[in-house]
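Structural description and commentary
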Amino acid sequence: MRRRQLIGYGLTGAASSAALTACAQSTTPTAASDGATLPTVRWKMATSWPKSLDTLYGAAEIVCDRIAAMTDGRFTIEPYAGGEIVPGLQVLDAVQNGTVECGHSAAYYYVGKSPALAFGTTVPFGLNAQQQNAWLYHGGGLEAMQKLYATFNAITFPAGNTGVQMGGWFNKEIATAADLKGLKMRIPGLGGKVMAKLGVNVQNLPGSEIFVALERGTIDAAEWVGPYDDEKLGLQDIAQFYYYPGWWEPGPSFDMMINMDAWTSLPPTYQEVVKTACIESNMSTLAKYDAVNGAALKSLLDSGAQLRPFSDEILAAAEKAAFEIYEETASQDATFKEIYDQWKSFRDSVYSWNRLNELGFAGFANQEA
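None of the values given here were measured: they were computed from a predicted structure.

**So, the overall build of the protein chain**
Secondary structure assignment for the protein chain yields 15 helices and 11 strands. Every one of the 369 residues in the protein chain was classed for burial, and the buried ones make up 56%. The long-range fraction of contacts in the protein chain, counting pairs at least 24 apart against all pairs at least 6 apart in sequence, stands at 78%.

**Focus: the sheet that holds strand S7 (residues 201-203)**
Taken together, 6 strands build an open sheet; the order of strands is S7-S6-S8-S5-S9-S11 and the sheet is mixed. Pairing within the sheet leaves two strands with one partner each, and these edge strands are S7 and strand S11 (306-309). In this sheet, S11 lies alongside strand S9 (residues 241-244) in parallel orientation, the contact comprising 4 bridges. Among the inter-strand pairings, Tyr244 is bridged to a residue of S11, identified as Pro309.

**Digging into empty space enclosed by the protein**
Applying the stated rule across the entire model yields 2 cavities of 30 Å³ or more. The calculated volume of the largest cavity comes to roughly 80 Å³. Around the largest cavity, the lining comprises 13 residues; the ones closest to its centre are Trp49, Tyr108, Tyr109, Gln165 and Phe254. Split into classes, the residues belonging to the lining of the largest cavity amount to 9 nonpolar, 2 polar and 2 charged. In this structure, the second largest cavity encloses a volume near 40 Å³. Gly120, Leu136, Leu142, Met145, Tyr149, Thr156, Phe157, Pro158 and Asp255 together form the lining of the second largest cavity. Looking at the lining of the second largest cavity, the elements with two or more residues in it are helix H7 (141-150) and strand S4 (154-161). Residues of the lining of the second largest cavity, tallied by class, amount to 6 nonpolar, 2 polar and 1 charged.

**Some words on the pattern of salt bridges**
Counted by the stated rule, this structure contains 16 salt bridges. Its salt-bridge partner being Glu272, residue Lys275 comes within 3.1 Å of it at the nearest N-O pair. Residue Lys275 and its partner Glu272 are both found in helix H12 (residues 268-302); the two are separated by 3 residues, about one turn of the helix. Residues joined in a network through salt bridges with shared partners are Asp54, Lys232 and Lys288.

**Looking at the confidence of the model for the protein chain**
On average, residues of the protein chain score 91 in pLDDT, and 90% of them reach the 70 mark or higher. Residue range residues 1-35 is modelled with pLDDT below 50. Its contacts to residues more than four positions away, or to other chains, number 65 contacts.

**Things to note about the pairing of S4**
Consecutive side chains along a regular strand alternate between the two faces of the sheet. Where burial is concerned, most of S4 is hidden: 8 out of the 8 residues are buried. Relative to strand S10 (residues 253-259), S4 is paired through 6 bridges, and the arrangement is antiparallel. Opposite Thr156, over in S10, you have Met257 as the bridge partner.

**Here we look at the side chain of Asn282**
Mapped onto the fold, Asn282 is located in helix H12. On the basis of relative accessible area, Asn282 is assigned to the buried category, the value being 0%. At 3.1 Å, the side chain of Asn282 and the backbone nitrogen of Gly160 are in polar contact. Setting aside residues up to four positions removed in sequence, Asn282 forms contacts with Asn133, Tyr137, Pro158, Ala159, Gly160 and Asn161.

**Regarding the sheet that holds strand S2 (residues 75-80)**
Strand order in the open sheet formed by 5 strands is S2-S1-S3-S10-S4, with mixed pairing between adjacent strands. Sheet topology places S2 and S4 at the edges, where each strand pairs with a single neighbour. For this sheet, the mean angle separating the axes of adjacent strands, direction not counted, is 25°. Its contacts with the sheet put helix H4 (residues 56-70) on strand S1 (41-47), S2, strand S3 (102-105), S4 and S10, and the angle it makes with S2 is roughly 165°. Against the sheet, H7 touches S4 and S10, its axis set at about 135° to S4.

**Considerations on helix H6 (residues 129-138)**
Along H6, the residues classified as buried are Ala129, Gln131, Gln132, Asn133, Trp135 and Leu136. Looking at the buried side of H6, the elements it contacts are H7, S4, S10, H12 and helix H14 (334-356). Two to three positions downstream of the cap, the backbone nitrogen of Gln130 sits 3.2 Å from a side-chain oxygen, assigning the N-cap of H6 to Asn128. Once H6 ends, the next one or two residues include Gly140, with phi positive near 85°.

**Things to note about the packing of aromatic side chains**
Scanning the entire structure with this criterion turns up 23 aromatic pairs. Taking 6.2 Å as the distance between ring centres and 55° as the angle between the ring planes, the aromatic pair formed by Trp49 and Tyr109 counts as tilted. Of the two residues, Trp49 sits in the loop between S1 and H4 while Tyr109 sits in the loop between S3 and H6, which places them 60 residues apart along the sequence. Where Phe119 meets Tyr340, the ring centres are 6.4 Å apart and the plane angle is 35°; that geometry is what we call tilted. Here Phe119, found in the loop between S3 and H6, pairs with Tyr340, found in helix H14; they are 221 residues apart in sequence, far enough to count as distant. Owing to a relative accessible area of 1%, Phe119 belongs among the buried residues under this scheme.

So, how was this worked out
Residues numbered from 1 in each chain as written. Predicted model: local features only at pLDDT ≥ 70, side-chain atom pairs only at ≥ 80, totals over all residues. Heavy atoms only, no water. Helix = DSSP H or I, 4+ residues; strand = E, 2+ residues; numbered from the N terminus. Buried < 20%, exposed > 50% of the residue type's maximum accessible area, 1.4 Å probe, protein only. Contact = heavy atoms within 4.5 Å. Pairing = 2+ DSSP bridges. 1 Å grid on protein atoms, 1.4 Å probe; cavity = no way out; pocket = protein on both sides within 12 Å on 5 of 7 lines; lining within 4 Å. Points joined across faces, edges and corners; volume = space filled by probe spheres on them. Nonpolar A, V, L, I, M, F, W, Y, C, P; charged D, E, K, R; others polar. Salt bridge = Lys/Arg side-chain N within 4 Å of Asp/Glu carboxyl O. pLDDT = per-residue confidence, 0-100. Polar contact = N/O pair within 3.5 Å; in protein donor to acceptor, adjacent residues only side chain to side chain. Axes fitted to C-alpha atoms, helices over the stretch in contact; angles between N-to-C directions. Phe/Tyr/Trp six-rings, centres within 6.5 Å; stacked < 30°, edge-to-face > 60°.

What follows is the structure, encoded as structure tokens:
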């Protein structure tokens, strides 16, 4: 995949968000009218996010707020920041064990449990947000991920997306693939495995620890999300060079993870409310990121950040390494192979279509004057 394709595959989620919000609001009277027969339910939600990141943590809050509104307060979920109940990278464990009824996290944090979990979030040179939603909602993706989550005593629903992310912050310029060798970088998921294959010393840290790790020199580089969240973490104060695009995260989904016993104990009405709230969070969060990242990027550049593109050499080496990893993992892990084969077939199809419609339009409309 060339960089032009990555840039071209954009998404504006505002229209979908508005439509889904209207749909969510229309379910409220149904839940309310059944209120006399519905139980009072109180859950706790562990998240992987600090509260300072109002869009990421806000995605979890949207789910909780909408569920409360659509049930007239009979079903409420209290969200907790990463570290308040369990560390940010142990949310799935807490859900699986019943420490909390639900969590809000990213599936690729848990590839140590199963590498196939990465598909629930994103994989390098995979699907952008629009394509990821198409795969999850209408391409068999959600069914595949729910089948996998069931082995961890949980069920999942998409509940947020960032869109294509940035390539992260580096304390030196990275011009060639050779410049990556020996670099210490915070990067999770299969993107981390690709970077490791290219010679990077990979570390997986929660967002709340990135600034200190960069400041102390524990890491030389870190990716997080994009301009809006990165500025809130203050990463521009520690590293100078800001790279793009985030080829390892072209359309990462967040997950609403629910303990299976807690899920099956819910009345069907509440289950439908949860599904609707997650859809609203998924679309609204993506729309917000698209709305705020442009101004945040300008602010970062005005403060001295230096924007750099990954070279074609680095992108080509990373893409080659990524698909080598996928094929190797598929040959060793039956679950990964099952999801990968289905996902790859969908990817080929949607790429072919978007190359015509999305890229055809974006290639002209995004030309510099």
